[in-house]
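Examining the three-dimensional arrangement
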Amino acid sequence: MFLDPSLLPDGLLSAAWVLLALGLLAAARYTPWRILWLSPERVHLVAGGAVACLLLWLLNIRMIDGLVLHLLGVTTLTLVVGWSLALLAGSCALLALIVAADLSWGGFPLAWLFTVALPATTSWLLARALYRPRLRNPFFYILGAGFAGGALVVLVDAVLALVLFKAVDLERWVEGALAFWPLIFLVMFSEGFINGMCIAALAVFHPDAVKTFDDRFYLDDA
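Scope of this entry: the structure provided in the associated data block. (Residues numbered from 1 in each chain as written. Predicted model: local features only at pLDDT ≥ 70, side-chain atom pairs only at ≥ 80, totals over all residues. Heavy atoms only, no water.)

A separate point is a nonpolar patch on the surface. Residues Val18, Leu19, Leu22 and Leu25 make up a contiguous nonpolar surface patch of roughly 400 Å² in combined accessible area. Tracing the sequence through the fold places Leu19 in helix H1 (residues 10-30). Since its relative accessible area comes to 45%, Leu19 is described here as partly exposed. (Patch = residues over 30% accessible without salt bridge, like charges linked within 9 Å, V, L, I, M, F, W, Y side chains within 5 Å. Areas by Shrake-Rupley, 256 points an atom, 1.4 Å probe, with all protein chains shown as cover. Salt bridge = Lys/Arg side-chain N within 4 Å of Asp/Glu carboxyl O. Helix = DSSP H or I, 4+ residues; strand = E, 2+ residues; numbered from the N terminus. Buried < 20%, exposed > 50% of the residue type's maximum accessible area, 1.4 Å probe, protein only.)

Within this structure, the stated rule accounts for 1 salt bridge. Between Lys166 and Glu171 there is a salt bridge, and its shortest N-O distance comes to 3.5 Å.

Moving on, we get to helix H7 (residues 138-167). Taking 1.5 Å per residue as the helical rise, H7 with its 30 residues ought to reach 44 Å, and the 41 Å between its terminal C-alpha atoms agrees with that figure. At Gly149, H7 shows its maximal kink, close to 40°. With a side-chain oxygen positioned 2.9 Å from the backbone nitrogen of Phe139, the residue opening H7 is Asn137. One or two positions beyond H7, positive phi appears at Asp169, with a value near 60°. (Expected span 1.5 Å × (residues − 1). Bend = angle between axes of the 7 residues up to and from the residue. Polar contact = N/O pair within 3.5 Å; in protein donor to acceptor, adjacent residues only side chain to side chain.)

Another aspect to go through is the side chain of Ser123. Positionally, Ser123 belongs in helix H6 (residues 108-129). Residues contacting Ser123, with those up to four places away along its chain left out, are Thr75, Thr78, Leu79 and Val153. (Contact = heavy atoms within 4.5 Å.)

Its identity is not glycine, yet Asp102 carries a phi of approximately 55°, on the positive side. Along the polypeptide, Asp102 turns up in the loop between helix H5 (83-100) and H6. Notably, Asp169 is not glycine yet its phi reads approximately 60°, a positive angle. Position of Asp169 relative to the elements: it lies in the loop between H7 and helix H8 (171-179).

H6 packs onto H5 with a crossing angle of 150° between their chain directions and a minimal axis gap of 10 Å. The angle between the axes of H5 and H6 places the two elements in the roughly antiparallel class. Note on packing geometry: the crossing formed by H5 with H6 is right-handed. The residues of H6 that touch H5, namely those facing Trp83, Ala86, Leu87, Gly90, Ser91, Leu94, Leu95 and Ile98, are Phe108, Ala111, Trp112, Val116, Ala117, Ala120, Thr121 and Trp124. A class-by-class count of the residues in the contact of H5 with H6 yields 13 nonpolar, 3 polar and no charged. (Axes fitted to C-alpha atoms, helices over the stretch in contact; angles between N-to-C directions. Parallel < 35°, antiparallel > 145°, perpendicular 65-115°, else oblique. Left-handed = near helix turned anticlockwise from the far one by under 90°. Nonpolar A, V, L, I, M, F, W, Y, C, P; charged D, E, K, R; others polar.)

Have a look at this one:
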């Protein structure tokens, strides 16, 4: 999601820049750089995930003036490469999107929060919550972290975006969002389906490529 920065107060944009800096510093701090150096195939996954997200984000729609919406795909990226690398790869993809779509750089930090940070964090927390003995079955991972994770990300983004619109007095946007609210379930299904199918295919055919999928935990004596 990209918002025209001219519609937002300077204080909010400054806070978004601070959160962006803190998020990238945390991602750089927790990224396993040594493992990446020793495993070039992980680098290919990160780069390929960033390119895939960029291509998905370029397919966007404008429902309200100044607001750009698109599918995310960050759930799959996070489950494959992990939270920290998902933030870094997603940030690179978003930079490329800003340049390719000729969008205002002032809207980058808020777009990062809604497009990269919130989806990656939500997906990661859900995947960790599902990693427990009672749910020791690959279907819980695929349906929960993949399908449900993608849908949950859309819902979280939509609710927080609505709160943001209300907080900055974008009443026309609030009315428009509420008018289109039933469509959120269609978007949730689309996002969940895309991420769920990608995770299902990777978990079945290339489980070693999915960082959050422990095949010994989910498949041994399942």
